[in-house]
Amino acid sequence: MKRIVLLITVCCTIITLGAQHSSAQSKKRSAAEWKKVLTPDQYEILVEKGTEPAYHNAYWNNHEKGVYVSAATGDVLFTSDDKYDSHTGWPSFVKSVDPSKIAIVQDNSYGMVRDEVIEKSTGLHLGHVFDDGPANRGGKRYCMNSGALKFIKK
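Residues numbered from 1 in each chain as written. Predicted model: local features only at pLDDT ≥ 70, side-chain atom pairs only at ≥ 80, totals over all residues. Heavy atoms only, no water.

Side note on the overall build of the chain
Stage number 1. Scanning the chain from N- to C-terminus turns up three helices and nine strands.
Stage number 2. Listing the helices and strands of the chain from first to last along the sequence gives α-α-α-β-β-β-β-β-β-β-β-β.
Stage number 3. Counting every position in the chain, which comprises 154 residues, the buried fraction comes to 39%.
Stage number 4. The contacts of the chain with a sequence gap of at least 6 include a subset with a gap of at least 24, amounting to 53%.
Stage number 5. Counting every atom, the chain has about 9300 Å² of accessible surface; 57% of that belongs to carbon and sulfur. (Helix = DSSP H or I, 4+ residues; strand = E, 2+ residues; numbered from the N terminus. Buried < 20%, exposed > 50% of the residue type's maximum accessible area, 1.4 Å probe, protein only. Contact = heavy atoms within 4.5 Å. Areas by Shrake-Rupley, 256 points an atom, 1.4 Å probe, with all protein chains shown as cover.)

And the structure:
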């Protein structure tokens, strides 16, 4: 009887882990696949880890109420309630809506060491996070690329 219970437990665990892995992998695509579903600007930012020009992007000066979703997946990442004017020319936020939707990885490009923000489910580049945000709101500045996001007005 103990063996049967153990066998059932092991099988259930394998099935559960497999489903979680499959769900996470479903949002990961090859560069060629992303090229088919993203605009050229979105592809450059999200896949190639590009950066759009400061003050020449869609959301740096957006003051409307709403949410910012991933341009790749549609997952809600940031809200206008957490957006602030950092005077950098890019949309900046003090935090993400759901920290489990993003990951912070080390970026050593261009001779600098920075903290890159990626969408956890896809591994795609969103921007960078810095420790120079408003101290009274946690001290973080999530400096995002407008091209990595879509704004949905409330």
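Topic: the pairing of strand S8 (residues 141-144)
Stage number 1. Burial along S8 is two-sided: Arg 141 and Cys 143 facing one way and Tyr 142 and Met 144 facing the other are all buried.
Stage number 2. Summarising the sheet, strand S4 (residues 92-93) and S8 pair through two bridges and their orientation is antiparallel. Looking across to S8, one finds that Ser 92 is bridged to Cys 143.
Stage number 3. Here strand S7 (residues 125-130) pairs with S8 via four bridges, running antiparallel. The residue of S8 that forms the bridge with Val 129 is Tyr 142. (Pairing = 2+ DSSP bridges.)

Side note on the pairing of S7
Stage number 1. Among the six residues in S7, five count as buried, and that is most of the element.
Stage number 2. Across four bridges, the pairing between strand S6 (residues 114-119) and S7 is antiparallel. When the bridges of S7 are listed, Glu 116 appears paired with His 128.
Stage number 3. From the end of S6 to the start of S7, which pair antiparallel, there are five residues, and Gly 123 there has a positive phi angle of about 80°.

Some points on the pattern of salt bridges
Once their charged atoms are close, side chains differing in charge can pair, the charge on each being opposite to the other.
Stage number 1. According to the stated counting rule, one finds seven salt bridges in the structure shown.
Stage number 2. Measuring nitrogen to oxygen at the nearest pair gives 2.9 Å for the salt bridge that ties Lys 153 to Glu 64. Of this pair, Lys 153 sits in strand S9 (residues 149-153) while Glu 64 sits in the loop between helix H3 (40-46) and strand S1 (66-70); the two residues are 89 residues apart in sequence, bridging distant segments of the chain.
Stage number 3. The shortest N-O distance in the salt bridge between Asp 81 and Lys 65 comes to 3.4 Å. On the criterion of sequence distance, the pair formed by Asp 81 in the loop between strand S2 (76-79) and strand S3 (83-84) and Lys 65 in the loop between H3 and S1 is long-range, its members being 16 residues apart. (Salt bridge = Lys/Arg side-chain N within 4 Å of Asp/Glu carboxyl O.)

Quick look at the packing of aromatic side chains
Stage number 1. For the structure shown, the criterion picks out seven aromatic pairs.
Stage number 2. An angle of 50° between the planes, with centres 4.8 Å apart, marks the rings of Tyr 68 and Phe 151 as tilted. Highlighted residues: Tyr 68 in strand S1 and Phe 151 in strand S9, separated in sequence by 83 residues.
Stage number 3. According to the relative accessible area criterion, Tyr 68 is buried, its value standing at 0%.
Stage number 4. Each member of the aromatic cluster is reached from another via a ring pair, and the members are Tyr 59, Tyr 68, Phe 78, Phe 93, Tyr 142 and Phe 151.
Stage number 5. Stacked on the ring of Trp 34, the Lys or Arg Arg 29 has its end atom at 4.9 Å from the ring centre. (Phe/Tyr/Trp six-rings, centres within 6.5 Å; stacked < 30°, edge-to-face > 60°. Lys NZ or Arg CZ within 6 Å of the ring centre and 35° of its normal.)

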